[in-house]
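The residues making up each chain are set out below.
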Amino acid sequence: MNTQSKARNRLNDADFRRARLRLLKMHYESGVGHIGGNLSVLDALLVSFHEFVGPLDRLILSKGHSAGALYIALWSLGLLTDDDLETYHRDDTLLAAHPPAAGLPKIDFATGSLGHGLSLAAGTALGFRLKSSDDRVFCVTSDGEWQEGSTWEAFIFACHHKLANLTVLVDHNGLQGFGTTNDVASMNPLPARIAGFDADVHIVDGHDPEAIREVLDHRGDRPHLVILETVKGKGVSFMEDRMSWHYLPLNEALYAQAVQELTAE
């Protein structure tokens, strides 16, 4: 296994807790939902951005409804300020509910129509190859968007062209907007569906920073797909594994409870 981590800023437990608390504060103050899926993917975004995504690498958030987690990751890097976060979801903001097409650092594409991000990532990875660049492309998808035909078409393309510079991260929390992924349009078990593709596939705990680091260190000769076993609403007891937190905003009492739980750890 090749060690590829940029190791610019190795995160510790306090960093992850601080990011979670800031995410909750941003959502509470804006009155916006989609908190559960933000908390499930936040750990992977933090490790990716701080320790693996170099200056010319790209990270594409295909599950654009988790833009809140993306903004917090950029905030943790010092690329967004507290004042910026206070504009989240407000009128005339750049910090919209889904990532914008331009205007923010480290965001190259507007995403959120599920199933489009992997196509963008595969095309970018092929572009890097054509330019003889060794830079990497990371694409973060939801598990629900693997019900989309366009996701599979993009993965076929990536495998056909052996895009070894492409790493796909699947936030596999098992819940989507209308129920469990198994009930809505089952692709379970997803690893078995992917097993026949010419790709390196790994399954890891999506809330274990060391496991995420180890798997992102991997560089092979074909596309790399990482299934992150995650929990929707991770870290907040009343949110964990609850489909309702795909939508619900926080009221004052629940925000106070969530902060208490996170600061008591």
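Right above here is the structure, for reference.
All of the points below concern the structure found in this document. Treat the numbers as computed from the prediction; the structure is a model and nothing was measured. (Residues numbered from 1 in each chain as written. Predicted model: local features only at pLDDT ≥ 70, side-chain atom pairs only at ≥ 80, totals over all residues. Heavy atoms only, no water.)

**Digging into the overall build of the chain**
For clarity, the threshold we go by: Strands are runs of DSSP state E lasting at least two residues, helices are runs of H or I lasting at least four, and both sets are numbered from the N terminus onward. As a reference, a globule follows 2.2 Å times the number of residues to the power 0.38, and the radius of gyration itself is taken over C-alpha atoms. Buried, partly exposed and exposed residues are distinguished by accessible area as a fraction of the type maximum, computed with a 1.4 Å probe on protein chains only: under 20%, between the cut-offs, and over 50%, respectively. The criterion used for residue contact is that any of the two residues' heavy atoms lie within 4.5 Å. We get accessible surface area from the Shrake-Rupley algorithm with a probe of 1.4 Å; when it comes to residues, only the shown protein chains can shield them.
Along the chain, the regular secondary structure elements total 10 helices and seven strands. Whereas a compact globule of 265 residues would reach a radius of gyration of roughly 18 Å, the chain reaches 17 Å, a difference of no more than 12%. Principal axes of the C-alpha set define a box for the chain whose edges measure 50 × 40 × 35 Å. A total of 265 residues make up the chain; the buried ones form 52% of that total. A sequence separation of at least 24 residues applies to 74% of the contacts in the chain between residues at least 6 apart. For the chain, the exposed surface amounts to about 11,100 Å²; the carbon and sulfur share of it is 51%.

**Details of the pattern of salt bridges**
So the rule is basically this: Put simply, a salt bridge is a Lys or Arg side-chain nitrogen that is within 4 Å of an Asp or Glu carboxyl oxygen.
Taken as a whole and assessed by the stated rule, the structure comprises 12 salt bridges. Between Lys 162 and Asp 198 there is a salt bridge; the shortest N-O distance is 2.3 Å. With Lys 162 in the loop between helix 6 (149-160) and strand 3 (166-172) and Asp 198 in the loop between helix 8 (190-194) and strand 6 (200-205), this residue pair connects regions lying 36 residues apart in the sequence. Under the relative-accessibility criterion, Asp 198 is labelled partly exposed at 29%. Between Arg 213 and Glu 210 there is a salt bridge, and its shortest N-O distance comes to 2.9 Å. One end of the pair is Arg 213 and the other is Glu 210, both in helix 9 (residues 209-216) and three residues apart, which spans about a single turn. A relative accessible area of 7% places Arg 213 in the buried class.

**Points about the packing of aromatic side chains**
Note the cut-off: Paired rings are identified among Phe, Tyr and Trp, the last through its six-membered ring, by centres lying within 6.5 Å, and are further divided according to the angle between planes into stacked (under 30 degrees), edge-to-face (over 60) and tilted (the rest).
Scanning the model with the defined rule gives seven aromatic pairs in all. Aromatic side chains Tyr 71 and Tyr 88 sit 5.9 Å apart centroid to centroid with 75° between the ring planes, which places their arrangement in the edge-to-face category. Of this pair, Tyr 71 sits in helix 3 (residues 67-76) while Tyr 88 sits in the loop between helix 4 (82-85) and helix 5 (117-130), and the two are 17 residues apart along the sequence. Given the relative accessible area of 0%, Tyr 71 is considered buried. For Tyr 88, a relative accessible area of 1% translates into the label buried.

**Topic: helix 5**
To be explicit about the condition: For a helix, the expected span equals 1.5 Å multiplied by the number of residues minus one.
If you check helix 5, its first and last C-alpha atoms are 20 Å apart, about what 14 residues at 1.5 Å a residue would give, namely 20 Å. Of the positions making up helix 5, those classed as buried are Gly 117, Leu 118, Ala 121, Ala 122, Thr 124, Ala 125, Leu 126 and Phe 128. Each element contacted by the buried residues of helix 5 is listed here: strand 1 (58-61), strand 2 (137-142), helix 6 and strand 3. Looking one or two residues beyond helix 5, the residue adopting positive phi is Ser 132, at roughly 60°.

**So, a nonpolar patch on the surface**
Cut-off, in case you're wondering: Patch criteria: residues need more than 30% relative accessible area and no salt bridge. Like-charged residues are merged within 9 Å; nonpolar side chains of Val, Leu, Ile, Met, Phe, Trp and Tyr are merged within 5 Å.
Residues Phe 178, Val 184, Met 243 and Tyr 247 make up a contiguous nonpolar surface patch of roughly 430 Å² in combined accessible area. Here Tyr 247 lies in the loop between strand 7 (224-229) and helix 10 (252-264).

**Topic: the pairing of strand 7**
How we decide: In this analysis, strands are considered paired if DSSP registers two or more bridges between them.
For strand 7, the tally of buried residues reaches five of six residues, placing the bulk of the element in the interior. Examined bridge by bridge, strand 3 and strand 7 share six bridges and lie parallel to one another. Looking at the pairing, Asp 171 lines up with Leu 228 of strand 7. Note: strand 6 against strand 7, six bridges, orientation parallel. Counterpart to His 202 in the pairing with strand 7 is Val 226.

**A few points about the packing of helix 2 (residues 35-51) against helix 9**
Test applied: Only C-alpha atoms enter the line fits that serve as axes; for helices the fit covers just the stretch in contact. Angles between N-to-C directions range over 0 to 180 degrees. Roughly parallel means an angle under 35 degrees; roughly antiparallel, over 145; roughly perpendicular, 65 to 115; everything else is oblique. Helix crossings get a hand from a simple test, with the near helix turned counterclockwise from the far one by less than a right angle marking a left-handed crossing and a clockwise turn marking a right-handed one. Residue polarity is assigned by list, with Asp, Glu, Lys and Arg as charged and Ala, Val, Leu, Ile, Met, Phe, Trp, Tyr, Cys and Pro as nonpolar; anything else, Gly included, falls into the polar class.
Viewed as axis vectors pointing N to C, helix 2 and helix 9 meet at an angle of 50°, and their least axial separation amounts to 10 Å. With respect to each other, helix 2 and helix 9 are oriented oblique. By crossing handedness, the relation of helix 2 to helix 9 is classed as right-handed. Together, Asp 43, Ala 44, Val 47, Ser 48 and Glu 51 of helix 2 and Pro 209, Ile 212, Arg 213 and Leu 216 of helix 9 make up the contact between the two elements. Here the residues of the contact of helix 2 with helix 9 sort into five nonpolar, one polar and three charged.

That's the geometry; what it means functionally is another story.
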